[in-house]
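Okay, here's what each chain looks like letter by letter:
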Amino acid sequence: MEMTWRWYGENNDSITLDHIRQIPGVTGIVWSLHDKAAGDIWEMDRIQQVTDLIRSKGFTPDVVESVNVHDDIKLGLPTRDGYIDTYIDTIEKLSKVGVKVICYNFMPIFDWTRTDLYKEHPDGSNALFYEKNAIDLDPKVMAKKIIDGAGDFSMPGWEPERMAKLDELFKAYEGVTEDILFENLKYFLEKIIPVCERCGVKMAIHPDDPPWPIFGLPRIIRSRDHIARFLKLVDSPYNGLTLCTGSLGPNLSNDIPAIVREFQNKIAFAHIRNVKVFDNGDFIEASHRGKDGNVDVYEVLKAYHDNNFTGYIRPDHGRHLWGEEKNCRPGYGLYDRALGVMYMLGIWDSLDKLKEGK
Ligand code: DNO
Ligand code: MN
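Residues numbered from 1 in each chain as written. Chains lettered and ligands numbered in written order. Predicted model: local features only at pLDDT ≥ 70, side-chain atom pairs only at ≥ 80, totals over all residues.

- Under an unreviewed UniProt entry, the chain has the name Mannonate dehydratase and belongs to Thiospirochaeta perfilievii.
- The chain has a UniProt comment under Function (unreviewed entry) that states "Catalyzes the dehydration of D-mannonate." (UniProt positions renumbered as here; feature names shortened; annotations may be inferred.)

Brief notes about the site of ligand 1
And step 1. Around ligand 1, 14 residues are found, and the nearest of them are Ser66, Asn105, Asp111, Trp112 and His206.
And step 2. The set of elements that each furnish at least two residues to the shell around ligand 1 consists of strand E4 (101-104) and helix H10 (245-248).
And step 3. Counted by class, the shell around ligand 1 contains four nonpolar, six polar and four charged residues. (Near = placed C-beta within 6 Å. Helix = DSSP H or I, 4+ residues; strand = E, 2+ residues; numbered from the N terminus. Nonpolar A, V, L, I, M, F, W, Y, C, P; charged D, E, K, R; others polar.)

Some points on the confidence of the model for the chain
And step 1. When pLDDT is averaged along the chain, the result is 96; 99% of the residues meet or exceed 70.
And step 2. Prediction confidence for the complex, expressed as pTM and ipTM, is 0.96 and 0.96 respectively. (pLDDT = per-residue confidence, 0-100.)

Examining helix H2 (residues 44-56)
Side chains that are three or four residues apart share a direction in an α-helix, a result of its 3.6 residues per turn.
And step 1. Its 13 residues give H2 an end-to-end C-alpha distance of 18 Å, which sits within 8% of 18 Å, the value for a rise of 1.5 Å per residue.
And step 2. Looking at H2, one finds that the buried residues are Ile47, Thr51 and Ile54. One side of H2 holds all its buried residues, which, seen down the axis, span an arc of 55 degrees. Of the exposed residues in H2, those oriented more than 90 degrees away from the buried face are Asp45, Asp52 and Ser56.
And step 3. Along its buried surface, H2 packs onto strand E2 (28-31), strand E3 (60-65) and helix H4 (80-96).
And step 4. Following H2 by one or two positions, glycine 58 has its phi on the positive side, about 90 degrees. (Expected span 1.5 Å × (residues − 1). Buried ≥ 20, exposed ≤ 12 C-beta atoms within 10 Å, placed from the backbone. Arc of directions from axis to C-beta. Contact = placed C-beta atoms within 7 Å.)

Considerations on the nonpolar core
And step 1. Ranked by internal contacts, the top residues of the largest apolar core, which has 81 residues, are Ile102, Ile192, Ala204 and Val300.
And step 2. Not counting residues up to four positions away in its chain, the partners in contact with isoleucine 192 are Ile84, Tyr87, Ile88, Ile91 and Met203.
And step 3. Counting five residues, the second-largest nonpolar core is a separate cluster that includes Met142, Ala143, Ile146 and Trp158. (Core = buried A, V, L, I, M, F, W, Y, C linked by C-beta atoms within 7 Å.)

Overview of the pairing of strand E7 (residues 202-205)
And step 1. On E7, burial covers both faces: Lys202 and Ala204 on one face and Met203 and Ile205 on the other are all buried.
And step 2. Where the polypeptide runs from E7 across helix H9 (residues 224-233) and back to strand E8 (residues 239-244), its parallel neighbour, the crossover connection is right-handed. (Right-handed = clockwise from strand over helix to strand, strands pointing away.)

A look at the sheet that holds strand E10 (residues 274-277)
By definition, the strands of a sheet pair up through backbone hydrogen bonds, in either a parallel or an antiparallel sense.
And step 1. One open sheet holds the four strands; their spatial order is E5-E6-E11-E10, and the pairing between them is antiparallel. This sheet does not close on itself; its edge strands, each paired only once, are strand E5 (116-120) and E10. On average, adjacent strands in this sheet sit at an angle of 40 degrees to one another, irrespective of strand direction.
And step 2. With four bridges connecting them, E10 and strand E11 (residues 283-286) associate as antiparallel partners. In the strand pairing of E11, valine 275 is matched with glutamate 285. (Pairing = 2+ DSSP bridges. Axes fitted to C-alpha atoms, helices over the stretch in contact; angles between N-to-C directions.)

In structure tokens form, the structure reads like this:
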């Protein structure tokens, strides 16, 4: 496996590549052009510039998270073909600089959704929190909370211009069922996967977060059965998964180690995050340590290790520690993710030794 770190770019992240160089074991940077909205063209010189910078600091730029999919593709509108052509153009350009994996999602309108970005843990740290009942809230109220809470950073999927058109977007999704969304995803994959096969780039879909429908919108990548159905849409080694434990975790009936074991040969990118789920269905993001939440991180890593996982892995969201929430992106501070890297590598190195019989 290759340990990676999500970095938002030079003027869009309070953490620098020089900070990341000091975290033991991190060799890859997960990047994107975060100022691009879904459907925008990615210019070759911009791609070259970022990947040159990443390489100049000794990292590999093999994973892009995300190239966002335009809503017209998810909705199956006639305009989707133009957006698919643009997507293909981006895949081809990324392959030229050696990108191997593209993470994306197929969630209608919203990316991950929370009701509080800074909920306090008993130890005084704070983290992203989801209050199940509050989600009856007006989505506009929710959008405002997320945009305001992000501080000066642009939040992909929550761009203010896009959120201003929320009524229109909701109207467009009226009548779009799970089956229709699966159909539209299949159409998209049938066009792009042959390009990926030719270019050597794996598509890795990210699960829906939280793993259930919200605001009456369908969500289709949220359980073992949904994943199995997804993989059948187009059967190719280039049609794969980003397996995010924190996204699947809030539904306690998702047996994540079992999902990892079953689909491991399709997992190109592993996201490790822990969540603590309360009896009423609320959940808060927790430290990576298994005991601090409901994700058995050891069993998840053991499932990867047993199958000699060779893909990319990264700590996903972390808590905000020691006051860093004042200047970091929500969920993407330095300290807890760095602790998470060390926890994961500690487990991984021990599993290596056990396997060698030492
Ligand atoms: C949180 C993040 C996601 C992810 C997108 C991919 O789990 O990993 O926000 O970046 O859903 O498109
Ligand atoms: Mn994730």
